[in-house]
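# Chain and residue survey
Take a look at the letters that make up each chain.
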Amino acid sequence: MDTEITLLAGTAGTTIATLLATDTWNGVRNSVITLWRRVRPDHEDQIAAQLDTSRRDLLGARSSGDEETGREIAAEWQGRIRRLLVAHPEVVTELHSLLAELDPGTPTIPTVTQRATASGSSRVYQAGRDLNIDQR
């Protein structure tokens, strides 16, 4: 689940940072606040203020040609969302739906589950992608 949460948080952080500077800003803001309100109502005002600050920072950076700030804002939101999902994994499905609603072009992230059992002196190698093993 941790890998799924990390991937989902990365997608969400990038989507939020990208949409901060668009005409859909108010809808994005409201959707993110609603997500937070569901599990952390005590943080609603703080999240709203952070979204507003992120938008101001992003718009200011873009007007001066600063591309790095957008990546930093995406990373900040990735961290916030990852921490939210770790504390409240029941929100994963809702966040998937929110991302599909905010950016229909966002690919869905498949869930990968791997299980292995080793006994004796056997070895198990698992990978979600490339795996190179060189034992000499």
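Residues numbered from 1 in each chain as written. Predicted model: local features only at pLDDT ≥ 70, side-chain atom pairs only at ≥ 80, totals over all residues. Heavy atoms only, no water.

## Quick word on the overall build of the chain
Operational definition: Put simply, DSSP marks the helices as runs of H or I at least four residues long and the strands as runs of E at least two long, and each gets a number from the N terminus on. With the radius of gyration taken over C-alpha atoms, the globule rule is written as 2.2 Å times the number of residues to the power 0.38. Any residue under 20% of the maximum accessible area for its type is buried, any over 50% is exposed, and the rest in between are partly exposed; the area is computed with a 1.4 Å probe on protein chains only. Note on definitions: a residue-residue contact is assigned when non-hydrogen atoms from the two residues lie within 4.5 Å. For the charge count, each Lys or Arg is scored as positive and each Asp or Glu as negative, with His and the chain ends excluded. To locate a charge, the coordinates of NZ of Lys, CZ of Arg, CG of Asp or CD of Glu are taken.
Regarding its fold elements, the chain presents five helices and zero strands. What you see for the chain is a C-alpha radius of gyration of 18 Å, clearly larger than the 14 Å of a compact globule of 136 residues, by over 25%. Taking the principal axes of the C-alpha coordinates as reference, the chain spans close to 60 × 35 × 25 Å. Burial analysis of the chain (136 residues in total) assigns 34% to the buried set. At a minimum sequence separation of 6, the contacts of the chain that also span at least 24 residues come to 69%. Computing the positive centroid from 15 side-chain charges and the negative centroid from 19, the chain places the two 5 Å apart.

## Observations regarding the layout of surface pockets
Any empty space left between the atoms is revealed when a probe the size of a water molecule rolls over them. Rules: Cavities and pockets were defined on a 1 Å grid built over protein atoms only: a cavity is a set of grid points that admits a 1.4 Å probe from which the probe cannot escape, a pocket is an open set flanked by protein on both sides within 12 Å along at least five of seven lines, and lining residues are those with an atom within 4 Å of any such point. Grid points are joined across faces, edges and corners, and a volume is the space filled by probe spheres set on the points. Here the term charged refers only to Asp, Glu, Lys and Arg, the term nonpolar to Ala, Val, Leu, Ile, Met, Phe, Trp, Tyr, Cys and Pro, and the term polar to all other amino acids, Gly among them.
Roughly 200 Å³ of volume is contained in the largest pocket. Every residue along the wall of the largest pocket is listed here: Trp36, Arg40, His43, Gln46, Ile47, Gln50, Arg80, Arg83, Leu84, Ala87 and His88. Put simply, the parts of the chain that give the lining of the largest pocket at least two residues each are α3 (44-63) and α4 (68-87). Element by element, the count of residues in the lining of the largest pocket is highest for α4, at four residues. When its residues are assigned to classes, the lining of the largest pocket shows four nonpolar, four polar and three charged.

## Section: the pattern of salt bridges
Quick reminder of the rule: Salt-bridge detection follows one rule: a side-chain nitrogen of Lys or Arg within 4 Å of a carboxyl oxygen of Asp or Glu.
Per the counting criterion, the structure on display carries five salt bridges. Two residues, aspartate 42 and arginine 40, come together in a salt bridge whose shortest N-O distance is 3.4 Å. We classify aspartate 42 as exposed; its relative accessible area is 55%.

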